[in-house]
Amino acid sequence: MRWMRAAGRGLLVLLVVLTGYVASGARAQEDTGGGRGPLTLATAGDLTNYLGPLLQGWNRTHPDEKVTLVELPDSADETHAQMVTDLRGGDRSRFDVLNIDVNWTSEFAGAGWIRPLPRDRFGLGTFLPPVVDTATYDGQLYAVPYVTNAGLLLYRKDVLAKEGVPPPRTWAELERVARTIAPKYGLDGYAGQFLPYEGLTVNAAEAVYSAGGTILDEGARVTVDSAAAREGIGFLARGVREGWIPKAALTYKEEESKQAFQDGRLLFLRNWPYAYAYVGASAKGSKVAGKIGAVPLPGPDGPGTSVLGGSNLAVTAHARHPDTAARLIVYLTSERVQRQVLTRGALPPVRADLYEDPELVREFPYLPTLRESVLTAEPRPKSPHYDQVSLAVQAVVHDAMTGRQTPEAAVRRLARELAAISRR
Ligand code: GLC
């Protein structure tokens with residue numbers, strides 16, 4: 001009998017060990033694992049130069065878990081290319097934490113380059129709902145929202161006030177004022193980000209969505225060959241043809257377009273809120289400080305639709321110290337740091353309550369408009385081949401804007417190219 005009891009005990013021990021093993025195995029798949037120590041955080045260009053100083057705060061209080069910041073180029077496409085090259089190196093990857101564009105989560109998760117994260121560790125319930133979606137792939141959390149973004153129309157308040165016209169709500173109003181009033185003040189009419197790169201995909205998607213169209217549907221089927229898409233692309237192409245979009249804008253990314261506006265060369269600018277915060281307040285060298293306003297993007301018959309931008313923090317598959325990585329992400333998404341992301345970085349935070357904070361609203365009066373724009377913003381097309389989809393959109397829309405193809409022919413060609421990509 002003793003042997004039976006002993007065997008029973010042995011079995012129990014074995015069971016406990018096994019259960020523990022299975023549980024920790026399951027956790028390992030959906031966990032940041034153990035490990036504390038120094039990290040490298042890679043990010044796209046820090047346009048407002050706030051992240052380095054912000055991380056110094058962490059480094060001072062975490063001397064054994066210091067973060068080294070690697071700043072990649074301003075252009076989203078170049079940052080994407082550099083991150084992908086690094087991640088393809090597998091365990092030779094230099095990066096532990098990545099600040100990735102919202103529309104890369106699926107690609108990076110699908111490729112196994114970033115780890116699933118435990119939902120309950122990051123207090124997601126306090127975040128704006130659409131941003132949490134961008135960090136989810138296949139029902140699993142693969143990143144934590146860090147910054148959100150939605151396009152706004154910035155305008156010269158001083159000029160419109162002198163003319164007695166309200167800020168435009170429709171494309172027709174924008175076109176009329178850009179064509180007739182801007183030249184009286186020696187200004188160009190309208191610009192966005194029209195260089196062929198991710199920014200042009202964003203501007204083109206906004207034009208198509210605002211006209212009621214789509215590029216791909218939920219099942220990644222091509223839906224772009226529509227009257228709405230022709231109208232959207234037509235709006236952009238007409239601007240260049242008629243001269244109320246200056247030719248120079250075909251080379252603009254975020255920074256160049258912001259510079260044109262801040263030098264007092266433009267009446268209207270589509271940009272992300274950082275440009276408004278930076279140019280409008282007391283930015284050094286801004287010729288338009290105190291003279292600008294921001295409204296939702298216009299569309300054909302009323303307010304249009306913005307694309308949801310922003311970035312998420314992800315932990316790489318080969319991260320050296322996953323526990324520190326997760327703790328750093330908790331820190332960067334904490335209420336205190338999210339406040340600094342707004343006040344020092346001029347970037348829209350992901351925590352919902354900050355948009356209603358009276359002190360912040362006093363300092364950043366566009367917060368309520370921005371909150372509305374984020375909540376109604378639409379994501380970019382979802383596809384496992386998103387990078388190729390975006391390249392096709394950029395190339396075709398640029399050809400339409402330079403007049404190499406009519407909007408009708410451009411939309412047909414885009415539909416063909418997207419169909420070929422989805423068959424790959
Ligand atoms: C901003 C947005 C990002 C977008 C990029 C395009 O950084 O936050 O989502 O892809 O601009 O240039």
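Here is what the cut-offs are and how they apply
- Residues numbered from 1 in each chain as written.
- Predicted model: local features only at pLDDT ≥ 70, side-chain atom pairs only at ≥ 80, totals over all residues.
- Heavy atoms only, no water.
- pLDDT = per-residue confidence, 0-100.
- Contact = heavy atoms within 4.5 Å.
- Pairing = 2+ DSSP bridges.
- Helix = DSSP H or I, 4+ residues; strand = E, 2+ residues; numbered from the N terminus.
- Axes fitted to C-alpha atoms, helices over the stretch in contact; angles between N-to-C directions.
- Buried < 20%, exposed > 50% of the residue type's maximum accessible area, 1.4 Å probe, protein only.
- Near = heavy atom within 4 Å.
- Polar contact = N/O pair within 3.5 Å; in protein donor to acceptor, adjacent residues only side chain to side chain.
- Areas by Shrake-Rupley, 256 points an atom, 1.4 Å probe, with all protein chains shown as cover.
- Nonpolar A, V, L, I, M, F, W, Y, C, P; charged D, E, K, R; others polar.

## A short note on the confidence of the model for the protein
Taken as a whole, the protein shows an average pLDDT of 91; of its residues, 91% reach a score of 70 or greater. Below pLDDT 50 for its whole length, residues 1-31 participates in eight contacts with residues either more than four positions away or in separate chains.

## Describing the sheet that holds strand 8 (residues 188-191)
Taken in spatial order, the four strands line up as 8-9-7-10 in an open sheet, and their pairing is mixed. In the strand order of this sheet, the two ends are held by strand 8 and strand 10 (292-295), each with one partner. Taken pair by pair, the neighbouring strands of this sheet meet at an average axis angle of 15°, ignoring direction. For strand 8 and strand 9 (residues 266-271), the ladder comprises three bridges, and the chain directions are parallel. Of the residues in strand 9, the one forming a bridge with Asp188 is Leu266. Packed on one face of the sheet, helix 10 (residues 254-262) meets strand 7 (152-156), strand 9 and strand 10 and runs near 155° to strand 9.

## Side note on helix 13 (residues 335-343)
Turning to helix 13, its buried residues number three or more, namely Val337, Gln338, Gln340, Val341 and Leu342. Where the residues of helix 13 are buried, they touch helix 2 (51-61), strand 6 (144-150), helix 12 (322-332), helix 14 (358-363) and helix 15 (367-376).

## Re the site of the ligand
The ligand sits among Asp101, Asn149, Tyr197, Glu198, Gly199, Glu254, Trp272, Gly309, Gly310 and Arg380. Trp272 is positioned such that a nitrogen or oxygen atom in its side chain is 3.1 Å from an oxygen atom of the ligand. When the ligand is considered free in solution it has 310 Å² of accessible area, and contact with the protein chains removes 85% of it. Elements represented by at least two residues in the shell around the ligand include exactly helix 8 (198-210) and strand 11 (308-315). A breakdown of the residues in the shell around the ligand according to their chemical character gives two nonpolar, four polar and four charged.

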